[in-house]
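Chain residues, written in single-letter form:
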Amino acid sequence: MTTQPGAAMSTDLRVARLQRERKVWHKNKPCGFKGAPVRCPDGTSDIGKWRVTIPGPPNTPWADGFYTAELDFPAEYPLKPPNVKFDPPIQHPNVYANGAVCLTLINSSHWKADTSVLAIIKGLQLFLAEPNEKDPANWTIGQLYISDRAKYNSMVREYAAKTKSEAANKKKKKKKQK
């Protein structure tokens, strides 16, 4: 199998950029956020795939919850945006049933190569509270958001409470293992 000359260069660019981004993340990580490259079965890290936990934005129905997303950086990163997916999927007007995120910031037609990983992750937190009701990825949830905001907010608060409880249980489990 031969590698095209540009493929190796873009992969090198991707790795170098993500290593810099990881340093910036550790230095400037916002309070309550977690994130790191995914651990491989052999114990190494996959710099091209990050798992992040985002706290719900304060003073919103999403507050108190914790939402996990995966950022999968293609070989062409930073020239192409990462694929972002909530795992598990969340009930949000701009999140597809499989968890994939529909957000202008990471849309390939609007992508800017200088957008940082930190900006993407902080953008995801803001995105929770500010759905784009004109272009829903999840039509049913989008309609609920538009037609019955109280019911939508109640559903989100319930989910936030569930994620908060799950996060507390994980923390307890980790403490017992130590």
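You'll find the structure just up there.
1. Structural notes on the overall build of the chain
Okay, so step 1: When its secondary structure is counted, the chain shows four helices and four strands.
Okay, so step 2: Secondary structure elements of the chain, listed N to C terminal, follow the sequence α-β-β-β-β-α-α-α.
Okay, so step 3: Expressed along its principal axes, the backbone C-alpha trace of the chain runs to roughly 55 × 45 × 30 Å.
Okay, so step 4: When contacts within the chain are restricted to residue pairs at least 6 apart in sequence, long-range pairs at least 24 apart make up 55% of them.
Okay, so step 5: Here the chain displays about 11,000 Å² of accessible surface, and carbon together with sulfur accounts for 53% of that area.
Okay, so step 6: Averaging the coordinates of the 29 positive side-chain charges in the chain and doing the same for the 16 negative ones gives two points 8 Å apart.

2. Overview of the side chain of threonine 115
Okay, so step 1: Within the secondary structure, threonine 115 sits in the loop between β4 (83-86) and α2 (117-129).
Okay, so step 2: Apart from the residues lying within four places of it in its own chain, the contact partners of threonine 115 are Arg17, Glu21, Tyr77, Leu105 and Ile120.

3. Brief notes about the nonpolar core
Okay, so step 1: Judged by nonpolar contacts, the single largest core of 34 residues is most densely connected at Trp50, Leu71, Phe86, Val101, Val117, Ile121 and Leu124.
Okay, so step 2: Of all the secondary-structure elements, those providing two or more residues to this core are α1 (5-28), β2 (45-55), β3 (66-72), β4, α2, α3 (139-147) and α4 (149-177).
Okay, so step 3: Of all the elements, α2 adds the most residues to this core, at seven residues.
Okay, so step 4: Sequence-distant contacts of phenylalanine 86, that is, excluding residues within four places in its chain, are made with Ile54, Tyr67, Thr68, Ala69, Val95, Asn98, Gly99, Val101, Leu124, Phe127 and Leu128.

4. Remarks on unusual backbone geometry
Okay, so step 1: The omega torsion of the bond from tyrosine 77 to proline 78 falls at 10 degrees, within 30 degrees of zero and hence cis.
Okay, so step 2: Along the chain, the position of proline 78 falls in the loop between β3 and β4.
Okay, so step 3: Aspartate 87 connects to proline 88 through a cis peptide bond whose omega is 10 degrees.
Okay, so step 4: Turning to its location among the elements, proline 88 is positioned in the loop between β4 and α2.
Okay, so step 5: Phi at asparagine 59 is positive, roughly 60 degrees, even though this residue is not glycine.

5. Considerations on the pattern of salt bridges
Okay, so step 1: Applying the stated criterion across every chain yields a total of six salt bridges.
Okay, so step 2: When the shortest N-O distance is used, the salt bridge between glutamate 21 and arginine 17 registers 2.8 Å. With glutamate 21 and arginine 17 both in helix α1 and four residues apart, the pair spans about one turn of that helix.
Okay, so step 3: The class of arginine 17 is buried, set by a relative accessible area of 9%.
Okay, so step 4: A salt bridge links glutamate 133 to arginine 149, with the shortest nitrogen-to-oxygen separation between them at 3.8 Å.

6. Structural notes on the pairing of β2
Okay, so step 1: Pairing between strand β1 (residues 34-39) and β2: six bridges, direction antiparallel. Bridge pairing in β2 places alanine 36 opposite arginine 51.
Okay, so step 2: The loop that links β1 with its antiparallel partner β2 comprises five residues; one of these, glycine 43, has a positive phi angle of about 95 degrees.
Okay, so step 3: The pairing of β2 with β3 spans seven bridges and is antiparallel. For arginine 51, the partnering residue across the bridge sits in β3 and is glutamate 70.

7. Brief notes about the packing of aromatic side chains
Okay, so step 1: Counted under the stated rule, the structure contains six aromatic pairs.
Okay, so step 2: Their ring planes at 70 degrees and their centres at 6.1 Å tell us that tryptophan 50 and phenylalanine 73 sit as a pair that is edge-to-face. Of this pair, tryptophan 50 sits in strand β2 while phenylalanine 73 is found in the loop between β3 and β4, placing the two residues 23 residues apart along the sequence.
Okay, so step 3: For tryptophan 50, a relative accessible area of 0% translates into the label buried.
Okay, so step 4: With a centroid separation of 4.7 Å and an interplanar angle of 65 degrees, the aromatic rings of phenylalanine 73 and tyrosine 77 are classed as edge-to-face. For the pair shown, phenylalanine 73 and tyrosine 77 are each scored as buried.

Cut-off values and rules
- Residues numbered from 1 in each chain as written.
- Predicted model: local features only at pLDDT ≥ 70, side-chain atom pairs only at ≥ 80, totals over all residues.
- Heavy atoms only, no water.
- Helix = DSSP H or I, 4+ residues; strand = E, 2+ residues; numbered from the N terminus.
- Contact = heavy atoms within 4.5 Å.
- Areas by Shrake-Rupley, 256 points an atom, 1.4 Å probe, with all protein chains shown as cover.
- Lys, Arg positive; Asp, Glu negative; His and termini not counted.
- Charge placed at Lys NZ, Arg CZ, Asp CG, Glu CD.
- Core = buried A, V, L, I, M, F, W, Y, C linked by side-chain atoms within 4.5 Å.
- Buried < 20%, exposed > 50% of the residue type's maximum accessible area, 1.4 Å probe, protein only.
- Salt bridge = Lys/Arg side-chain N within 4 Å of Asp/Glu carboxyl O.
- Pairing = 2+ DSSP bridges.
- Phe/Tyr/Trp six-rings, centres within 6.5 Å; stacked < 30°, edge-to-face > 60°.

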